[in-house]
Amino acid sequence: MNTGVITSRYAKALLKLVLETGGGDNVYAQVTTMLADPDNMPRPLAPELSKFIELLVRNRRLEYVKLILNTFVRLYDEQLNRRHIRLTTAIAAPELEQRIKQLFEDRLGGEVIIDSKVDPDIIGGFILVVDDMMLDASVSRQIEDIRRQFIEKNKRIV
């Protein structure tokens, strides 16, 4: 059977279960904790998550657990009209974070969660990732573009 079909079916089943029982936020928090640090299992597990993992063990689908849980997180976020945006800056920029958050909440009409990261290697500017799109407005990328243009123009001269 196709891995994508398996992960999708089980993730949808877990989503349906947590929506019926009302334990979605608790399960979501535990799943994101498990995905961030697999060695740090939350104790005790939410009853829905415990039953779900028992189901995976019983059906011999434990090898797909990471994919299933990642899919569940995506589906749960979609259910709540919540988007995650990754923002990378050279220094901490809370004002920029707030402006971007407000802009996307106004445009997308839902909750926006910004995952910020500081990376001094980008020198300045920022890198913004929304879904599958990336806006790289970093100084390091601009320097790389200039370097490539310089090399390309020098090849023509010789």
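Here is a short report on the structure shown in this document.

Conventions and cut-offs
- Residues numbered from 1 in each chain as written.
- Predicted model: local features only at pLDDT ≥ 70, side-chain atom pairs only at ≥ 80, totals over all residues.
- Heavy atoms only, no water.
- Helix = DSSP H or I, 4+ residues; strand = E, 2+ residues; numbered from the N terminus.
- Rg over C-alpha atoms; globule rule 2.2 N^0.38 Å.
- Buried < 20%, exposed > 50% of the residue type's maximum accessible area, 1.4 Å probe, protein only.
- Contact = heavy atoms within 4.5 Å.
- Areas by Shrake-Rupley, 256 points an atom, 1.4 Å probe, with all protein chains shown as cover.
- Core = buried A, V, L, I, M, F, W, Y, C linked by side-chain atoms within 4.5 Å.
- Expected span 1.5 Å × (residues − 1).
- Arc of directions from axis to C-beta.

1. Let's talk about the overall build of the chain
A count of helices and strands for the chain gives six helices and four strands. Counting from the amino terminus, helix and strand elements in the chain follow one another as α-α-α-α-β-α-β-β-β-α. A compact globule built from 158 residues should have a C-alpha radius of gyration of about 15 Å, whereas the chain, at 21 Å, is more than 25% larger. Considering only C-alpha atoms, the chain reaches an extent of 70 × 40 × 30 Å along its principal axes. Here the chain holds 158 residues, and the buried ones make up 32% of them. Long-range contacts, defined here as pairs at least 24 residues apart, represent 64% of the contacts in the chain between residues at least 6 apart. For the chain, the exposed surface amounts to about 10700 Å²; the carbon and sulfur share of it is 54%.

2. A word on unusual backbone geometry
In the segment running from Arg-43 into Pro-44, the intervening peptide bond is cis, with an omega of -15 degrees. Note that Pro-44 resides in the loop between helix H2 (24-36) and helix H3 (47-58). The phi angle at Arg-60 is positive, at roughly 55 degrees, despite the residue not being glycine. Tracing the sequence through the fold places Arg-60 in the loop between H3 and helix H4 (65-79). Phi angles above zero are rare outside glycine, and Asn-81 is one such case at about 55 degrees. Mapped onto the secondary structure, Asn-81 falls in the loop between H4 and strand S1 (82-89).

3. Some words on the nonpolar core
One broad rule of soluble globular proteins: the nonpolar side chains tend to lie buried together. Formed by 22 residues in total, the largest nonpolar core has its most connected members in Val-18, Val-27, Val-31, Leu-49, Ile-68 and Phe-72. Put simply, the parts of the chain that give this core at least two residues each are helix H1 (3-21), H2, H3 and H4. In this structure Val-27 touches Val-18, Ala-46, Glu-48, Leu-49 and Phe-72, once residues within four positions along its chain are discounted. Core analysis: the next-biggest nonpolar cluster, separate from the first, contains eight residues, Phe-104, Val-112, Ile-114 and Val-130 among them.

4. A closer look at H3
Residues spaced three or four apart along an α-helix face the same direction, because each turn holds 3.6 residues. The first and last C-alpha atoms of H3 sit 16 Å apart over 12 residues, in line with the 16 Å expected at 1.5 Å per residue. Among the residues of H3, Glu-48, Leu-49, Phe-52, Ile-53 and Leu-56 are the ones counted as buried. Seen from one end, H3 has its buried residues packed into an arc of 130 degrees, which puts them on one side. Across from the buried face of H3, at angles greater than 90 degrees, the exposed residues are Pro-47, Lys-51 and Arg-58. Residues of H3 that are buried in the fold lie against H1, H2 and H4.

Geometric descriptors of this kind do not, in isolation, establish any biological role.
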